[in-house]
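Here's the letter readout for the chains.
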Amino acid sequence: MAYPFTEIEKKWQRYWAENKTFKTPDTFDPDQKKFYVLDMFPYPSGSGLHVGHPEGYTATDIIARYKRFKGYNVLHPMGWDAFGLPAEQYAIETGTHPRVTTEKNINRFRQQLQAIGFSYDWDREVNTTDPAYYKWTQWIFVQLYKKGLAYLADVPVNWCPELGTVLANEEIIDGKSERGGHPVYRRPMRQWMLRITEYAERLLNDLDELDWPESTKEMQRNWIGKSEGAEVDFKVEGHDQLIRVFTTRPDTLFGATYMVLAPEHPLVHEITTDEQRPAVESYIREASRKSDLERTDLAKEKSGVFTGSYALNPVNNKKIPVWIADYVLSSYGTGAIMAVPAQDERDYAFAEKFDLPIIRTVQPPEGFEGKAYTGDGPAINSSFLNGLGVKEAKEKMIVWLEEQGSGQRKVNYKLRDWLFSRQRYWGEPFPVLHDGKGHTSVVDEAELPVPLPEMEDFKPRPVKENETEPQPPLSRAPESWKYYEKDGVVYRREFNTMPQWAGSCWYYLRYIDPHNDEKLIDPEKEKYWMNVDLYVGGAEHSVLHLLYARFWHKVLYDLKVVSTKEPFKKLVHQGMILGETEYTVYKKKDGRYVSFDYVSTLSPEELENQGIQAERIDESLIVKSGDFFVLAEDKNIRVDARSFKMSKSRGNVINPDDIIRQYGADALRMYEMFMGPLEAMKPWSMSGVEGISRFLNRLWRLFIDEDTDTLSSKIRKEIRADAGQLRVLHQTIKKITEDIENLRFNTAISAMMIFVNEANKWPELPLDVMKTFLILVNPFAPHISEEIWQRLNLEDILARQHWPQYNPQLLEVDEVEWVIQINGKIREKIKASKKIPRETMEQMARQQGRIPSLLAGKTIRKIIVVPGKLVNIVAN
RNA sequence: GCGAGGAUGGCGGAAUUGGUAGACGCGCCAGAUUUAGGAUCUGGUGUCCUCAGGGCGUGGGGGUUCGAGUCCCCCUCCUCGUACCA
């Protein structure tokens, strides 16, 4: 029979809530050490919590409880990232207002989180859709506007007709919307932009000092994409305008044999000759009609059209043709390039296709057989650069260009300004007023927040045709909201709303001072609590959320609202939890099995044609043969074994509520941590949960007599622990402490299991040892440990105890097992004191057991003694 | 293509600075208890052989070392990210 976890867990959850056990006081002693441990707050979706959420949340909860035991003032809050597309779409699907569904979802999420026993300070809960919260999101926008970091611009945007909104570059994956996978097209639109590019250099440099996963830092570096080179101006024959290009290889300028403009480049129309105009215009039309996906992924083959004009290469005044091609992106650099086919693979492919000249300006090494050569080497065919290496040639060319006035040194970033408006209802309204004459201003800070108007019909209007201007839902808001009169002037409010990232850019600050009406955050509190000491969340936010939040943080730093340059000192990503491993066997229509090694070579169509179908098969019918799994009944039939991402369509989603009902919250927490390293991707296993559940029951029975439901008579208050018991306890303290510090929760749990296995062998259990052990268990399994603590009739509650410290002297074991090796192979073992000197050890080893006979007839060359571990005799 | 990470029993995973590979859990096998159990307890469990012993074993190949999962070189495969960024 299982211990009464349901009853116990409810009891303690109620106790913690009623007594506000984990409340972080508003006032604090500035000298007390603090620890701010933060989770990425969830998006309260309609489907509730899944098992991925409690993974990171349990990890941070363990840290929070551990740090409290260690005497830290701990901030461990939770809130809701509740604006955004999915909430709105869910609301549309169910025909209810997003405010209603959002509130319902939040209540469900909160209740689910509380059922897991997380020690959040619920008095600090924040909600991005609360006017008292988004007042400050709008306030930050006002500051951005005043600093010139927010501006309206006609920009080519990523327009998603299905969603009826524009999307940021980061919200597009493989040319499709991240949400829903709808096609995305480029079209110009007047939009709010945030000048994140102004912070590019700082966002790049400050990464170095962060304790973040290297992969995440690297992704941000790539996203920012700094490259150094030069801008060069090319005259266009017969025109006044110059074509400016960015290049990282100014040293190859003598090899520039043509130029390419992006189809959207503003000079295209002007320089196109009448003769070429029809071809050019049809190419531009084609390009604009292509989605990003078609333009990149499918366009392996280069395409382009000659404009009819020629540019003059500034180094030698040679005439070179100007083309347009969609392999040049309008959004990067200047939207135009000088093409150097001999030293650039893309240009080479283009030149080859359109038969354009190729001039080598870097001497490739002997035997080089490739086409474009991008490596280092002496400059050739390059007049005053000849003989120089790439690096020197670059330098010399930049100096020359600057002297001639036809170019200059330039640092370029891939990072573009942040497209900050969305044509949606469920988002923060912009605190912006339009005067109707093309002039904008921001709302007075005293009048914030600008509320989101109450609307019946908040649905977006999908716009299929690129030519029609989209109408955001707020354009249909009540007149009283839409217009605003001040000093006799009637202003129109902004109809776009902010993207979902806005609210999550700064929420970690609001937790510190969640109810402040006067300020975003009190400076004293900010100074005490920042930085976030540990931030745990999914790797999917590596660039989006984490880059935007860093940007806003730096702006707030410049405004002196915050005192730290970076918000999150240490970052950890929890790994994804996959569904239970599935074994799949393949069958033909006639029921005959087909081996997976054959099936895996087939395309889906071929599978269909041959009538081969997949069938899930139970693990017990499978054996391993070599490197593969095969059918036990026919070892020639290979079976596919893998774990899939949890998804509704696959039907492999685990609901934490079910686990809690069957095994309890402590088992859920423990299992999530026991599965493997926090950062690793790992498959769910129901029998693994059962294993943990058995452990918790064993732990319970160690203390509680099941028959009588009273304290076990083995627990003895008056007896003193013997050396062996103390050693086991202190080894456990050491192991668990070090493992928690290093976020190695799986091995910490294994240490608890070892302790319980040991303690089960003891005829009597010294109370002192057992209560210390309960403290060690508490961060992981807070309910069961607290309940046992109470039944032991101990002082106060467990949550207010102190973390034990291990005594190194108690860890010492005198007698250890030594290994005796001959030529590195283990031949004998000896139990002996650790303190025996090397020489004695060596003597003992030579006489031990079979060693003398094994050494017979051999010459000892060397003997290696590692004290406390081994003796290795080298002989031949 | 590029960047990052990884490969250890039937499975999830352990293994401080190179020093007893496989901790802990699952699964499996045997036994005990039980009216019964998918409950509990005890023991076993990398693999092979001629089994009181020995050989082989951390994706593959080479190297350094008395000694390599761990260090060096080459290769294969997997995962994640990214992709015409001039």
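Since we're looking at a predicted model, the values are computed, not measured.

> Even after reading the chapter, I still don't get the protein's contact with RNA strand B, so can you show me in this structure?
Close to RNA strand B lie 53 residues; Thr-248, Tyr-332, Arg-346, Lys-414 and Arg-850 are nearest. Among all atoms of RNA strand B positioned within 4 Å of the protein, those belonging to sugar or phosphate total 68%. One of the backbone N or O atoms of Thr-248 is found 2.3 Å from a sugar or linking oxygen in RNA strand B. Its residues assigned to classes, the surface near RNA strand B shows 22 nonpolar, 13 polar and 18 charged.

> Explain the environment of Tyr-283 to me, please; I cannot follow it from the model alone.
As for its placement among the helices and strands, Tyr-283 is situated in helix 9 (residues 277-289). Once the C-alpha coordinates of Tyr-283 and Val-305 are considered, the two residues, 22 residues apart in sequence, prove to be 7.2 Å apart. When sequence neighbours within four positions are dropped, the list of residues in contact with Tyr-283 reads Pro-263, Ser-303, Gly-304, Val-305, Ile-324, Ala-325 and Asp-326.

> Help me understand the sheet that holds strand 6 (residues 165-167), please; the structure alone is not making it clear to me.
Strand pairing in a sheet relies on backbone hydrogen bonds. The paired strands run either parallel or antiparallel. Taken in spatial order, the four strands line up as 6-5-9-17 in an open sheet, and their pairing is antiparallel. At either end of the open sheet lies a strand with only one pairing partner, and these are strand 6 and strand 17 (418-419). Of the pairings in the sheet, the one linking strand 5 (residues 150-160) to strand 9 (residues 185-194) comprises 10 bridges and is antiparallel in character. Its bridge partner lying in strand 9, Val-155 is registered against Met-189.

> Is there a simple way to explain the pairing of strand 21 (residues 489-493) in this structure?
Each regular strand carries side chains that alternate between the two faces of the sheet. Relative to strand 21, strand 18 (residues 432-434) runs antiparallel, the two sharing two bridges. Note on strand 21: the bridge partner recorded for Leu-433 is Arg-493. One ladder, built from four bridges, connects strand 20 (residues 483-486) with strand 21; its direction is antiparallel. If you follow Tyr-483 over to strand 21, its bridge partner there is Arg-492. Where strand 20 folds back on strand 21, the antiparallel hairpin that results is connected by two residues, among which Asp-487 adopts a positive phi of roughly 50°.

> Would you mind going over the nonpolar core with me for this structure?
Note that soluble globular proteins tend to have their nonpolar side chains buried in a common cluster. Among the nonpolar cores identified, the biggest contains 176 residues, and Trp-552 and Trp-684 are the most heavily contacted of them. The next biggest cluster of nonpolar side chains, apart from the first, holds 43 residues, and it includes Ile-243, Tyr-258, Leu-267 and Ala-393.

> Sorry if this is basic, but what is going on with the pairing of strand 39 (residues 870-875) here?
Where strand 36 (residues 815-822) and strand 39 come together, four bridges link them in parallel fashion. By the bridge assignment, Gln-821 is partnered in strand 39 with Asn-872. In the sheet, strand 38 (residues 860-866) pairs with strand 39 via six bridges, with the strands oriented antiparallel. Note on strand 39: the bridge partner recorded for Val-866 is Leu-870. Linking strand 38 back to strand 39 in an antiparallel pair, the connection comprises three residues, with Gly-868 at a positive phi of about 80°.

> Help me understand the packing of helix 2 (residues 53-69) against helix 23 (residues 723-741), please; the structure alone is not making it clear to me.
Two quantities define a packed helix pair, namely the angle between the helix axes and the distance between the axes. Running from N to C, helix 2 and helix 23 cross one another at 120°; their axes reach a closest spacing of 10 Å. The angle between helix 2 and helix 23 places the two elements in the oblique class. Relative to helix 23, helix 2 is oriented so that their crossing is left-handed. When helix 2 is examined against helix 23, the residues Ile-62, Ile-63, Tyr-66 and Lys-67 are found in contact with a partner set consisting of Thr-737, Ile-740 and Glu-741.

> Sorry, what's going on with the packing of aromatic side chains here?
Remark: the centre distance and the inter-plane angle together describe each pair of aromatic rings, the angle taken between the planes. Counted according to the given criterion, the structure contains 54 aromatic pairs. A centroid spacing of 5.5 Å and a plane angle of 85° characterise the contact between Phe-141 and Trp-192, whose relative ring orientation is edge-to-face. You can see Phe-141 sitting in helix 5 (residues 131-146) and its partner Trp-192 sitting in strand 9, a full 51 residues away along the chain. Residue Phe-141 is classed as buried on the basis of its relative accessible area of 0%. On the numbers, 5.2 Å between centres and 45° between planes, the contact of Tyr-327 with Phe-350 is tilted. Separated by 23 residues along the polypeptide, Tyr-327 in the loop between strand 14 (319-324) and strand 15 (336-339) and Phe-350 in helix 11 (residues 345-354) bring together distant segments of the chain. Overall, the relative accessible area of 0% leaves Phe-350 in the buried class. Three or more aromatic residues joined by ring pairs form one cluster here, namely Phe-141, Tyr-145, Trp-192, Tyr-199, Trp-418, Phe-420, Phe-430, Trp-501, Tyr-548, Phe-551 and Trp-552. Directly above the ring of Phe-644 sits Arg-650, whose terminal nitrogen or CZ lies 3.4 Å from the centroid.

Cut-offs used in this document
Residues numbered from 1 in each chain as written. Chains lettered and ligands numbered in written order. Predicted model: local features only at pLDDT ≥ 70, side-chain atom pairs only at ≥ 80, totals over all residues. Heavy atoms only, no water. Near = heavy atom within 4 Å. Polar contact = N/O pair within 3.5 Å; in protein donor to acceptor, adjacent residues only side chain to side chain. Nonpolar A, V, L, I, M, F, W, Y, C, P; charged D, E, K, R; others polar. Helix = DSSP H or I, 4+ residues; strand = E, 2+ residues; numbered from the N terminus. Contact = heavy atoms within 4.5 Å. Pairing = 2+ DSSP bridges. Core = buried A, V, L, I, M, F, W, Y, C linked by side-chain atoms within 4.5 Å. Buried < 20%, exposed > 50% of the residue type's maximum accessible area, 1.4 Å probe, protein only. Axes fitted to C-alpha atoms, helices over the stretch in contact; angles between N-to-C directions. Parallel < 35°, antiparallel > 145°, perpendicular 65-115°, else oblique. Left-handed = near helix turned anticlockwise from the far one by under 90°. Phe/Tyr/Trp six-rings, centres within 6.5 Å; stacked < 30°, edge-to-face > 60°. Lys NZ or Arg CZ within 6 Å of the ring centre and 35° of its normal.

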